[in-house]
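Coordinate inspection notes
The residues making up each chain are set out below.
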Amino acid sequence: MAISSSSSMQDMFKQRKYPFIFSLFLLLVFVTFLLISNTQKFPIFAAIDFAQRTSLIKSIPELNPNSISSSTSTTPNLHENNNSTINPESPLNNLTIDPQSSNIPLTINPEKSDTIINDELKTFSYHWKLCPGPLAVDYIPCLDNWKAIKKIKSRIHMEHRERHCPIPSPRCLIRLPNGYKLPLPWPKSRDMIWYDNVPHPKLVEYKKDQNWVKKSGDYFVFPGGGTQFRDGVNHYIEFIEETFPTIQWGKSIRVLLDVGCGVASFGGYLLDKNVITMSFAPKDEHEAQIQFALERGIPATLSVIATKKLAFPDNVYDMIHCARCRVHWHADGGKPLMELNRILRPGGYFIWSATPVYKKDEGHKNVWKVMVNLTEAMCWKMVARTFFKRGRVGLVIYQKPDSSSCYENRKENNPPMCDQKRRLNSSWYTPLDSCLLPLPSSNYEWPAPWPQRLNTKPLSLSLETDAEETFNQDTRHWASLISDVYLGGLAINWSSVRNVMDMNAGYGGFATALIDRPLWVMNVVPISRPDTLPIIFDRGLVGTYHDWCESFNTYPRTYDLLHSSFLFGNLSQRCDLVDVAVEMDRMVRPGGFLLVQDSLQMIKQLGSILRSLHWSVTLHQHQFLVGKKDFWRPKDIARE
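In this report, we go over the structure that sits alongside the text. Just so you know, these numbers come straight off a predicted model, no measurement behind them. (Residues numbered from 1 in each chain as written. Predicted model: local features only at pLDDT ≥ 70, side-chain atom pairs only at ≥ 80, totals over all residues. Heavy atoms only, no water.)

**Re the nonpolar core**
- If you look at the biggest cluster of nonpolar residues, it comprises 156 residues, and the most contacted ones within it are Trp329 and Tyr486.
- Element by element, the count of residues in this core is highest for helix α18 (residues 577–587), at seven residues.
- Contact partners of Tyr486, with chain neighbours within four places excluded, come to Trp478, Leu481, Trp494, Phe510, His563, Leu595, Gln597 and Phe624. (Core = buried A, V, L, I, M, F, W, Y, C linked by side-chain atoms within 4.5 Å. Buried < 20%, exposed > 50% of the residue type's maximum accessible area, 1.4 Å probe, protein only. Helix = DSSP H or I, 4+ residues; strand = E, 2+ residues; numbered from the N terminus. Contact = heavy atoms within 4.5 Å.)

**Some points on the side chain of Ser427**
- Along the chain, Ser427 turns up in the loop between α13 (405–408) and α14 (467–486).
- The class for Ser427 is buried, based on a relative accessible area of 3%.
- For Ser427, the side chain forms a polar contact with the main-chain oxygen of Phe312, separated by 3.0 Å.
- Setting aside residues no more than four positions away along its own chain, Ser427 makes contact with Lys309, Leu310, Ala311, Phe312, Arg342 and Tyr545. (Polar contact = N/O pair within 3.5 Å; in protein donor to acceptor, adjacent residues only side chain to side chain.)

**Focus: the packing of α18 against helix α19 (residues 600–612)**
- Closest axis-to-axis distance for the α18/α19 pair is 10 Å, and the angle between their directions is 55°. As summarised for this structure, α18 and α19 are arranged oblique, according to the angle between their axes. Regarding α18 and α19, the two cross each other, and that crossing is right-handed. In this structure, α18 contributes Leu577, Val578, Ala581 and Met584 to the contact, and α19 contributes Met602, Gln605, Leu606 and Ile609.
- Tallied by class, residues from the contact of α18 with α19 come to seven nonpolar, one polar and no charged. (Axes fitted to C-alpha atoms, helices over the stretch in contact; angles between N-to-C directions. Parallel < 35°, antiparallel > 145°, perpendicular 65-115°, else oblique. Left-handed = near helix turned anticlockwise from the far one by under 90°. Nonpolar A, V, L, I, M, F, W, Y, C, P; charged D, E, K, R; others polar.)

**Topic: the environment of Ser572**
- By the secondary structure assignment, Ser572 is in the loop between α17 (568–571) and α18.
- We classify Ser572 as partly exposed; its relative accessible area is 21%.
- Placed 23 residues apart in sequence, Ser572 and Cys549 show a C-alpha to C-alpha distance of 9.2 Å.
- A distance of 2.9 Å separates a polar side-chain atom of Ser572 from the backbone oxygen of Gly569.

**Description of the pattern of salt bridges**
- Tallied over the entire structure, the rule returns 22 salt bridges.
- Note that Asp314 and Arg342 form a salt bridge whose closest N and O atoms lie 2.7 Å from each other. Residue Asp314 is located in the loop between β6 (300–302) and β7 (317–323), and its partner Arg342 is located in helix α11 (residues 331–343); the two are separated by 28 residues in the primary sequence.
- Judged by its relative accessible area of 25%, Asp314 is partly exposed.
- Close ionic contact of Glu339 with Arg342 constitutes a salt bridge, the shortest N to O distance being 2.8 Å. (Salt bridge = Lys/Arg side-chain N within 4 Å of Asp/Glu carboxyl O.)

**Quick word on the environment of Ser616**
- Among the secondary structure elements, Ser616 is positioned in strand β16 (residues 616–620).
- Sequence-wise, Ser616 and Lys629 are 13 residues apart; in three dimensions their C-alpha atoms are separated by 6.8 Å.

**Section: the packing of aromatic side chains**
- On inspection of all chains with the given rule, the structure shows 28 aromatic pairs.
- Each residue in the set Tyr195, Phe220, Phe222 and Phe292 is aromatic and connected to the rest through ring pairs, giving one cluster.
- Over the aromatic face of Trp194 sits the side chain of Lys181, whose NZ or CZ is 4.9 Å from the ring centroid. (Phe/Tyr/Trp six-rings, centres within 6.5 Å; stacked < 30°, edge-to-face > 60°. Lys NZ or Arg CZ within 6 Å of the ring centre and 35° of its normal.)

**Description of the state of the cysteines**
- Enumeration over the complete set of coordinates arrives at six disulfides.
- A sulfur-sulfur separation of 2.1 Å characterises the disulfide bridge that pairs Cys379 with Cys406. Taking the torsion about the S-S bond as the criterion, the Cys379 to Cys406 disulfide, at about -85°, is left-handed. Of this pair, Cys379 sits in the loop between α12 (362–377) and β9 (381–388) while Cys406 sits in helix α13; the two residues are 27 residues apart in sequence, bridging distant segments of the chain.
- Classification of Cys379 by relative accessible area gives buried; the value is 7%.
- By relative accessible area, Cys406 is classed as partly exposed at 32%.
- Cysteine pairing for the chain, with bonded cysteines counted in sequence order: 1-4, 2-3, 5-6, 7-8, 9-10, 11-12. (Disulfide = S-S within 2.5 Å.)

Written out as structure tokens, the structure is:
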């Protein structure tokens, strides 16, 4: 074969076919240049491929054919209301080209992106409508399902405040409040927000003597007050540390849960001390507490301690705080307090700032007596009880045990110990426990001080031999990807980003790589994926479980950026991608972004739906989709 080729070349020279030879030479030069250029253009391909092999394929059963059977038994059962099947009538199954929709703009950056070509991206054709009703501007599908709520027989345990998701998921779009503006930037937003963005003045009057929030011209202003800290939250925070110096804000205490948070000023000011607080409250008659918190740029979610567990793992919060949070901890045999015990880290603290701690009338004294008996039975140690004269409030600090020795020495096994063999990995739609979690027999190891704990081996990491190396490789991968691509190579204005959600958080590497930026990340672990949420909390980050076939517990327009890495392939097999896109459109603020890393096929499907919603869509390096939401809403025919 070599002889034949050599002879052919000699014949070509003898026949003087120099133009052909010259053209062949130019072609070889061009191909060589192209290969070199591509290598320089996509330096992260090797890193991404490595991460897919180690962090994704290895840890996610859906991407690993060898582990599907072994992981099935640990997947939590879905709630009976879960829309877990593909809708055969979904318009997504019949995508068509709509020439009239081709004018929807695409964001184009010729130097750093490969724009999705109209001929390549099929246009999803759907007639979008606004959600009906005067209250639809703040519509939360799983919390505003009035048809289901009216059928609830009992409301004694706040059942009506829990999730009741509609089936099928609604496909209407949320209207904007009149006069809606782009949110104020952080840190200005902590102290003031646009009135028109959250036009709910009820709290101004209801809490006028407690400095929660005030109306000032076009703004709501937050003076930093609260029911238990009328003189300012900073004084209250300092008083807690003075009362019990073992509490070192931002060092040993990093991850905190604020129950019944109001407008989340407690969590907002603790950010200055490197404490990240998950503030939560139900959607109730106080009107938009959590919406205020998120508009301010403070981590918060809608939730209630009723009949189901909170969507958090066991043993993860360093501290839990309740300042007049209106929860009857001793109710129903003490189940609400045992739920706090479940999610509180061994050796962690519960601060109860409430009237039974310091008021001496008969009613308050009876409540205090019940709490003393219950906490002693749970082996909680009272480490401090005091009265804050300046703030005219009292508080008590309890500590959860870090070993089971106290449980073993109790005279009565009441509350009983939980049967670990029957426990699910996820708390999603799981009834409250009436038992106590067993603890380590020896002293529990507290996480490393912040910020070392962010990259220290998590306590919850698997004991498999290569688990720590996989964890470290995942951390390096996200650091490289965000540094090399996300922050500089995509069409995202990061200076406008404050509230971020990672829809498929894994080990929390995405949030870890962004830790030095002025933003916070809600790390969501889908219930159909491996339970890595305890690892995320061990790192000093916050997050929650969720099923993306349902709506998320947040108000509309509350996130600046949603991020997803290889989520939609598996998700599209369980529920309709159109419904997921509608939910993302509900959560993202106008001017906000969606950043997706996925297969080109999934990106095309998702991109076509986003274009029908009048989002601008950009494809980068054939695997990163960036969508940007604008102010477009369908015409309200009823008002015309």
